[in-house]
Amino acid sequence: MQCYLCINVDVIDLTDPRALRAYAHPLRLKLIGLLRREGPLTATRTAELLGESSGSTSFHLRQLAKYGLVEETGEGTGREKPWRATALFTRLPDIAATPEAAEAADHTRAVIAARYHERFLDWIARSRHEPEEWQRAAVMTDRMLYLTVDELAQLGEQIKELVDEYSSRLVDRHARPEDSRLVTFVGLAFPEEP
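Fair warning: this is a prediction, and the values are worked out from it, not measured in the lab. (Residues numbered from 1 in each chain as written. Predicted model: local features only at pLDDT ≥ 70, side-chain atom pairs only at ≥ 80, totals over all residues. Heavy atoms only, no water.)

## Examining the nonpolar core
Next up, step 1: In terms of nonpolar packing, the biggest core is built from 25 residues, with L14, L35, L61, L69 and V70 touching the most fellow members.
Next up, step 2: Elements with a minimum of two residues in this core: α1 (17–23), α2 (26–38), α4 (54–66), β4 (82–85) and α5 (99–127).
Next up, step 3: Looking at this core, the element that brings in the most residues is α2, giving 6 residues.
Next up, step 4: With residues up to four places along the chain from it excluded, the contact list for L61 reads L31, L35, A43, T46, V70 and W83. (Core = buried A, V, L, I, M, F, W, Y, C linked by side-chain atoms within 4.5 Å. Buried < 20%, exposed > 50% of the residue type's maximum accessible area, 1.4 Å probe, protein only. Helix = DSSP H or I, 4+ residues; strand = E, 2+ residues; numbered from the N terminus. Contact = heavy atoms within 4.5 Å.)

Put into C-alpha cells, the structure is as follows:
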C-alpha cells in the first residue's frame, strides 16, 4: 500500500483532560479530519479549504501539536510548512481515570455528536439534489434490541470489522474505486435507561 498520508499510528488514545479539551474544539476537529482525509497540508491550504484565516488554522494546528495529534512534516517554511495527522483515528477513554478526565471526555463526545448531527442535517437538506443511487444507498436505520453486555460488545466488534475493511482507502488513494465518495459512518449502540 502506498502511503500518501504517512500517519505514524492507526489510533491515538486521548486520556489527558487538557488533550481532550484541546481536541474538542470544532475547528480543531475539522483540521484533524481534513489532514486525515487529504494528507499533509499547510496552514494556508487548510484555511482555504475550511474558509478560515491562515493565522487561525496555524494557531490551532500548533495547539493540536502540543498534544501529539498533528505534527509538521519537516518540509517548507513558515505558514507553508505542511502538517499531518499523527493517527488515523482517535480513541476516547471508555472509563476515565479521574473525574476531570471523565468530564473532559463527556464534553468531547458531546461536541463530536453535535458535529455529526449537524453533518447529518446537512445531508438531509441536500440529499434530494444528489443522484438517486446515492439517495437510496444512504443509511438511516435504528433498532431496539435486547442484548446482554457481552452481546453488545460483540455487536460493536462485528460492526468495527465490517467498517475496517474500507479504512485503508483513507490513506491509499489507489485503493479507492473510481466512483467512490467520502462517506461518514456513525454507529451508536447504548443501553436505554431502565
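This is not the end of the story, as more comes after the structure.
## Points about the side chain of E130
Next up, step 1: In this fold, E130 is placed in the loop between α5 and α6 (132–137).
Next up, step 2: Using a relative accessible area of 14% as the deciding quantity, one classes E130 as buried.
Next up, step 3: Of the polar contacts made by the side chain of E130, one reaches the side chain of R126; its length is 3.0 Å.
Next up, step 4: With residues near it in sequence (within four places) discarded, E130 still touches W123, Q135 and R181. (Polar contact = N/O pair within 3.5 Å; in protein donor to acceptor, adjacent residues only side chain to side chain.)

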